[in-house]
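Read off the chains here:
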Amino acid sequence: MIVDGWVDWAVREPGPADKVYSDRNRGEGIVCHSMEGWGRGGIDGRMMSQERDADGRYTPKAQASWMFSLMADGRLLQHYPVWSSTWTSGNREANTRLWAVEAEGVAGTPLNAAQVVAMVGLAREWERYTGRRARREPEGRTVWEHREVWSWSSPNAGPTACPSGRYAPFYAALDEEDGMKAEELARLERVERLLAGRGVVPVVCTEENRLPLELATGVKQPLGVTVRLSGAQTLAYLDYMGNNFWLGLAGTQERVARLEGKPAGDPVARFVLDVLEDGDVIMRREV
């Protein structure tokens, strides 16, 4: 949900207040960018930079801002409210019409599973906010790349290869969801809201889920520890378990173990999630 211009499940990290146009962003679509770097170098070294020249203007490196940062661990950072027009896409027209996203990583590294989940989540938030569809088809396109919008107006920063094909997995995910039935989409969005938007979700590390936990968090976890997943990490974990509706969360592991007379922490059967409410399984089906 977008509340007062901010996505409620994104991490709020406000950028410098003066690094925006006076024009209100029209929110006609989303424009995809690549940070061309790892970690926070681009965020701290460019957008957050207050470096100025002798005339008091921002230096070329510091003349940059964007609405969202899509981190490699699946976190979505938001730097400006959705009506802000940031300095991102090379010209005023694109900057005042589109929401800009910068993805951590470099050319040749497609978005990972956690990043795809966060991007799909952002696309759905944009859809709910605008009443339009996020789509890559040429007719009615609303999801753009930097290389496609750099020339929308003059002056501009010139042509670019950005984002260098990195968003292909996100586009595939959009196409896949477009083929789902309305009730399936509604169910998936409900699960995304409950899991990705809830904050942190505890998962006990077992032999069965150790690798998915490592892939989702980037850290090899010791057996028996409780890992607290946050945001898109939760959905990435479920994806790596083989099904978005696979339930292996700590609270449910304990409850199901008690129901089945197993010791706490003992691996339990896989279940398809039908409804999840505050961590409780309302309906479950063994597979």
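Cut-off values and rules
- Residues numbered from 1 in each chain as written.
- Predicted model: local features only at pLDDT ≥ 70, side-chain atom pairs only at ≥ 80, totals over all residues.
- Heavy atoms only, no water.
- Helix = DSSP H or I, 4+ residues; strand = E, 2+ residues; numbered from the N terminus.
- Buried < 20%, exposed > 50% of the residue type's maximum accessible area, 1.4 Å probe, protein only.
- Contact = heavy atoms within 4.5 Å.
- Areas by Shrake-Rupley, 256 points an atom, 1.4 Å probe, with all protein chains shown as cover.
- Pairing = 2+ DSSP bridges.
- pLDDT = per-residue confidence, 0-100.

S.K.: What's the story with the overall build of the protein chain in this structure? I'm lost.
M.R.: Summing up its helical and strand segments, the protein chain has nine helices and twelve strands in all. The buried share of the protein chain, taken over its 287 residues, is 48%. A separation of at least 24 residues holds for 68% of the contacts in the protein chain among residues at least 6 apart in sequence. Working note: accessible area of the protein chain is about 13400 Å², and carbon and sulfur atoms make up 52% of it.

S.K.: Help me understand the pairing of strand β4 (residues 29-34) in this model?
M.R.: Two faces make up the sheet, and in a regular strand the side chains alternate between them. Burial runs high along β4: six of the six residues are buried. Here β4 shows no split at all, with G29, V31 and H33 on one side and I30, C32 and S34 on the other all buried. Pairing between β4 and strand β7 (residues 98-103): six bridges, direction parallel. Pairing of I30 across the sheet is with W99, part of β7. Relative to strand β8 (residues 143-145), β4 runs parallel, the two sharing three bridges. In the strand pairing of β8, C32 is matched with E145.

S.K.: Sorry if this is basic, but what is going on with the confidence of the model for the protein chain here?
M.R.: Interpretation of the predicted coordinates at a detailed level should be avoided for regions scoring low in pLDDT. With 73% of its residues at a pLDDT of 70 or more, the protein chain shows a mean pLDDT of 80. Counting interchain partners and residues more than four positions distant, the pLDDT-below-50 stretch residues 243-253 has 38 contacts. In the model, residues 264-287 has pLDDT below 50 throughout and makes 58 contacts with residues more than four positions away in sequence or in other chains.

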